[in-house]
Amino acid sequence: MATDSWEYGWQWRAACRGEDAGLFFAPSQFEPKDERLARERQAKVICSTCAVRIECLEYALRIREPYGVWGGLNELERRLLLKERDRPADRRLRVIGGDG
Ligand code: SF4
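An account of the accompanying structure is given in this report. This structure is a prediction, so every number in the text was calculated from the model and none was measured. (Residues numbered from 1 in each chain as written. Predicted model: local features only at pLDDT ≥ 70, side-chain atom pairs only at ≥ 80, totals over all residues.)

Let us look at the overall build of the chain. For the chain, the count of helices and strands is four helices and zero strands. In the chain, the order of α-helices and β-strands from amino to carboxyl end is α-α-α-α. Going through the 100 residues of the chain one by one, you find that 13% of them count as buried. Look at the contacts in the chain between residues 6 or more apart in sequence, and 44% of them connect residues 24 or more apart. (Helix = DSSP H or I, 4+ residues; strand = E, 2+ residues; numbered from the N terminus. Buried ≥ 20, exposed ≤ 12 C-beta atoms within 10 Å, placed from the backbone. Contact = placed C-beta atoms within 7 Å.)

As structure tokens, then:
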């Protein structure tokens with residue numbers, strides 16, 4: 001659990017408080033892809049209602065959290081977002097416009 005007051009504050013307002021942590025983190029044993037996708041989908045539905053989604057995602061990105069769904073993104077999605085953020089601005093993917 002985070003220790004500084006800012007982090008303490010947002011965690012208390014998390015929509016996932018009291019939810020099954022098993023939805024947000026992979027089990028220790030092998031998890032088939034279809035089960036992982038279903039589990040993550042459920043976690044992301046909860047995240048989509050969360051008032052502190054941005055704070056949660058920024059925290060996970062900042063500490064390079066390697067596991068679980070945080071801020072509505074799984075570990076692979078966060079890695080891709082960090083990679084994209086690390087690119088120079090002129091080399092970032094152009095999502096809007098599409099002219100390359
Ligand atoms: S965004 Fe998702 S993982 Fe983060 S605090 Fe909210 S419900 Fe929990």
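Next comes the rest of the description.
Okay, the site of the ligand next. Near the ligand, the surroundings consist of 14 residues, among which Ala14, Cys16, Cys47, Cys50 and Cys56 are the closest. Split by residue class, the shell around the ligand holds 11 nonpolar, two polar and one charged. (Near = placed C-beta within 6 Å. Nonpolar A, V, L, I, M, F, W, Y, C, P; charged D, E, K, R; others polar.)

Right, let's talk about the nonpolar core for a bit. Counting residues in hydrophobic clusters, the biggest one holds nine residues: Phe24, Ala43, Cys47, Cys56, Leu57, Ala60, Val69, Trp70 and Leu73. Here the element with the most residues in this core is helix α3 (residues 53-62); it accounts for three residues. (Core = buried A, V, L, I, M, F, W, Y, C linked by C-beta atoms within 7 Å.)

What follows covers α3. Among the residues making up α3, those that are buried are Cys56, Leu57 and Ala60. Down the axis, α3 shows its buried residues gathered within 95 degrees of arc, on one side only. Opposite the buried face of α3, by more than 90 degrees, sit the exposed residues Ile54 and Arg62. Taken from the residues just after α3, Arg64 is the one with a positive phi, measuring 55 degrees. (Arc of directions from axis to C-beta.)

This paragraph deals with the environment of Ile46. You can see Ile46 is positioned in helix α2 (residues 33-48). Along the primary structure Ile46 and Gly71 are separated by 25 residues, whereas in three dimensions their C-alpha atoms are 9.7 Å apart. Not counting the four nearest positions on each side in its chain, Ile46 is found in contact with Ala15, Cys16 and Glu19.

This brings us to helix α4 (residues 75-86). Helix length check: α4 (12 residues) gives 16 Å between terminal C-alpha atoms against 16 Å at 1.5 Å per residue, within 8%. Sparse coverage of α4 is indicated by the burial of one of its 12 residues. (Expected span 1.5 Å × (residues − 1).)

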